[in-house]
Amino acid sequence: MKTFKKIIAVISVVAIIFSFAACSKNAGDNTAQTKTYKVGICNYVDDASLNQIVENIEKQLKVAGEQNNVTFDVTVENCNADASVMNQIISNFISNNVDLMVGVATPVAVAMQAATEDNKIPVVFAAVSDPVGAGLVADKDAPGANITGTSDYLNTDAIMDIIFANQPDAKNIALLYDLGQDSSKTPIENAKKYLDAKGISYKEYTGTNVTEVQQAVATIVKDKADAVFTPTDNTIMTAELSIYSDLADAGIPHYTGADSFALNGAFLGYGVDYAALGVETANMIVDILVNEKDVASEPVKFFDNGTATINTEISQKLGYNLDDVKTKIKDFCTEIKTLTTAENF
């Protein structure tokens, strides 16, 4: 009987060992099924617009990873508009063998394009206003190389229409931007063409950093401009929290090319939904890495302009009736949103 019990015990131990081995094999199989993709994101500057894009890219990649049984190992860096830091970040991404790089804003995208001419690492850009004009893609529908992405192209005529719908008697328009920002070149030129056609006076005010932008705004106030227009300019976006009260105190509404400007104190932001842009940027990353789409054939994604975002605090400070403003501009918007001043969404 003792011998029989020993045999049973030995059989039980062997069964347990095989059971563990089977579990280990299954665990190994599951691990083998999960592929990891390394993604390097470089943000150009710390501002509400671009941060919103990065946050939504990360969120959507997490969701997509779970849906596709893959892992996205995402590294996010911010060069704070410093070209040397930007190039070092990109070099680090290459050294770390990332599977794909994401350039948020035109300067980063251009630097990534130059750095990947030989290694052909796929690059997806985000918030590039004029990808063809910047030389990033040969054609918006057929990029032609290892780079594609999403654009925040601004319908300048539409925001000009909004200015004059709300202020039909405006005679002097201030154009506030950074000369070095590629995203501002085309919309500023378009704004000048629009104003020239209407016979409206305008003056350009520029700055390359917060201090210079503050000085430019002081001049705008002194010149008694009727309104200020700024496109999707990252330098002005960064300075918005430092200038909005001066413009509001002077009774000068600031019309801008993104809702994040309004969040940071501008009277009105008009343009694309940056949260949606971030999500679609992530979807392009998934298509390229997981679904093996050809980067050169992936069209640049553009978004419908049409959402006007009004800062209710500034509207009140300017003496506007919010319902009146909405009525005046509704024909030039697909949607009107409101918010109050804050630093981040």
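Basis of the calculations
Residues numbered from 1 in each chain as written. Predicted model: local features only at pLDDT ≥ 70, side-chain atom pairs only at ≥ 80, totals over all residues. Heavy atoms only, no water. Helix = DSSP H or I, 4+ residues; strand = E, 2+ residues; numbered from the N terminus. Contact = heavy atoms within 4.5 Å. Buried < 20%, exposed > 50% of the residue type's maximum accessible area, 1.4 Å probe, protein only. Pairing = 2+ DSSP bridges. Polar contact = N/O pair within 3.5 Å; in protein donor to acceptor, adjacent residues only side chain to side chain. Expected span 1.5 Å × (residues − 1). Arc of directions from axis to C-beta. Core = buried A, V, L, I, M, F, W, Y, C linked by side-chain atoms within 4.5 Å. Axes fitted to C-alpha atoms, helices over the stretch in contact; angles between N-to-C directions. 1 Å grid on protein atoms, 1.4 Å probe; cavity = no way out; pocket = protein on both sides within 12 Å on 5 of 7 lines; lining within 4 Å. Points joined across faces, edges and corners; volume = space filled by probe spheres on them. Nonpolar A, V, L, I, M, F, W, Y, C, P; charged D, E, K, R; others polar. Salt bridge = Lys/Arg side-chain N within 4 Å of Asp/Glu carboxyl O. Right-handed = clockwise from strand over helix to strand, strands pointing away.

Draft legend 1. Here's a closer look at the side chain of Thr106. Note on placement: Thr106 falls in helix 4 (residues 106-115). Among residues more than four places away in sequence, those in contact with Thr106 are Ala127, Val128, Ser129, Ala134 and Asp182.

Draft legend 2. Looking closely at the pairing of strand 10 (residues 268-271). Burial of the side chains of strand 10 extends over both faces: Leu268 and Tyr270 are buried on one face and Gly269 and Gly271 on the other. Pairing of strand 9 (residues 254-256) with strand 10 involves two bridges; the strand directions are parallel. Each residue of the ladder has a partner; that of Thr256, found in strand 10, is Gly269. Sheet analysis places strand 10 next to strand 11 (residues 307-311), joined by four bridges and oriented antiparallel. Its bridge partner lying in strand 11, Tyr270 is registered against Ala308.

Draft legend 3. The arrangement of the side chain of Thr232 in detail. Residue position: Thr232 is located in the loop between strand 8 (227-230) and helix 8 (234-249). Residue classification places Thr232 among the buried positions, given a relative accessible area of 6%. Within the structure, the side chain of Thr232 is placed 3.2 Å from the side chain of Ser129, a separation counted as a polar contact. Filtering out sequence-adjacent residues up to four positions away, Thr232 remains in contact with Ser129, Asp152, Leu154, Ser183, Gly257, Phe261 and Tyr274.

Draft legend 4. Just unusual backbone geometry, in detail. We note that Ala81 has phi near 65 degrees; this positive angle belongs to a residue other than glycine. Residue placement: Ala81 occurs in the loop between strand 2 (70-78) and helix 3 (83-95). The phi dihedral of Glu292 is positive, around 55 degrees, even though this residue is not glycine. Within the secondary structure, Glu292 sits in the loop between helix 10 (274-289) and strand 11.

Draft legend 5. Representation of helix 3 in the model. Along its 13 residues, helix 3 runs 18 Å from first to last C-alpha, staying within 8% of the 18 Å computed at 1.5 Å per residue. Those residues of helix 3 that fall on the buried side of the exposure criterion are Met86, Ile89, Ile90 and Phe93. Angular distribution of buried residues about the axis of helix 3 spans 95 degrees; they occupy a single face of the element. Opposite the packed face of helix 3, turned more than 90 degrees from it, sit the exposed residues Ser84 and Ser95. Against the buried residues of helix 3 lie strand 1 (35-43), strand 2, strand 3 (100-104) and helix 4. Phi turns positive one or two residues past the end of helix 3, at Asn97, with a value near 55 degrees.

Draft legend 6. Expanded view of the nonpolar core. Of all hydrophobic cores here, the largest spans 73 residues; its most connected members are Ile53, Phe72, Leu176, Ile220 and Ile285. Counting residues per element, this core draws most heavily on helix 10, at eight residues.

Draft legend 7. Up close: the sheet that holds strand 11. Spatially, 7-6-8-9-10-11-12 is the arrangement adopted by the seven strands of the open sheet, whose pairing is mixed. Strand pairing shows two members of the sheet lacking a second neighbour, strand 7 (201-206) and strand 12 (335-339), which therefore form its edges. Ignoring strand direction, the axes of neighbouring strands in this sheet form an average angle of 20 degrees. Of the pairings in the sheet, the one linking strand 11 to strand 12 comprises five bridges and is parallel in character. Among the inter-strand pairings, Thr307 is bridged to a residue of strand 12, identified as Glu335. Each of strand 6 (172-177), strand 7 and strand 8 touches helix 6 (residues 182-198); the most contacted strand, strand 6, lies at about 170 degrees to it. The strands touched by helix 8 are strand 6, strand 8 and strand 9; relative to strand 9, the strand with the most contacts, the crossing angle is about 160 degrees.

Draft legend 8. Summary view of empty space enclosed by the protein. If you walk through the whole model with that rule in mind, you get two cavities of 30 Å³ or more. What the largest cavity holds in volume is close to 110 Å³. Around the largest cavity, the lining comprises 17 residues; the ones closest to its centre are Leu50, Asp152, Ser183, Thr232 and Asn234. At the level of secondary structure, the elements contributing two or more residues to the lining of the largest cavity comprise helix 2 (48-68), helix 4, helix 6 and helix 8. Grouping the constituent residues of the lining of the largest cavity by class yields eight nonpolar, six polar and three charged. The computed volume of the second largest cavity comes to approximately 40 Å³. Contributing to the lining of the second largest cavity are Glu240, Tyr244, Leu247, Ala248, Ile252, His254, Gly265, Ala266, Phe267 and Ile314.

Draft legend 9. Structural detail: the pattern of salt bridges. Counting across every chain of the model gives eight salt bridges. Here Lys185 and Asp182 are joined by a salt bridge, their closest N and O atoms 3.1 Å apart. Note that Lys185 and Asp182 are positioned in helix 6 at a spacing of three residues, about one turn of the helix. Residue classification places Asp182 among the partly exposed positions, given a relative accessible area of 32%. Between Glu189 and Lys192 there is a salt bridge whose closest N-O contact spans 3.1 Å.

Draft legend 10. Focus on the pairing of strand 8. Residues Ala227 and Phe229 of strand 8 are buried on one face, and the alternating residues Val228 and Thr230, pointing to the opposite face, are buried as well. Summarising the sheet, strand 6 and strand 8 pair through three bridges and their orientation is parallel. Of the residues in strand 8, the one forming a bridge with Ala174 is Val228. Two elements, strand 8 and strand 9, share three bridges in a ladder whose sense is parallel. Across the sheet, the residue bridging to Phe229 is Tyr255, located in strand 9. Considered for its hand, the β-α-β crossover made up of strand 8, helix 8 and strand 9 is right-handed.

Shape descriptors only; they carry no functional weight alone.
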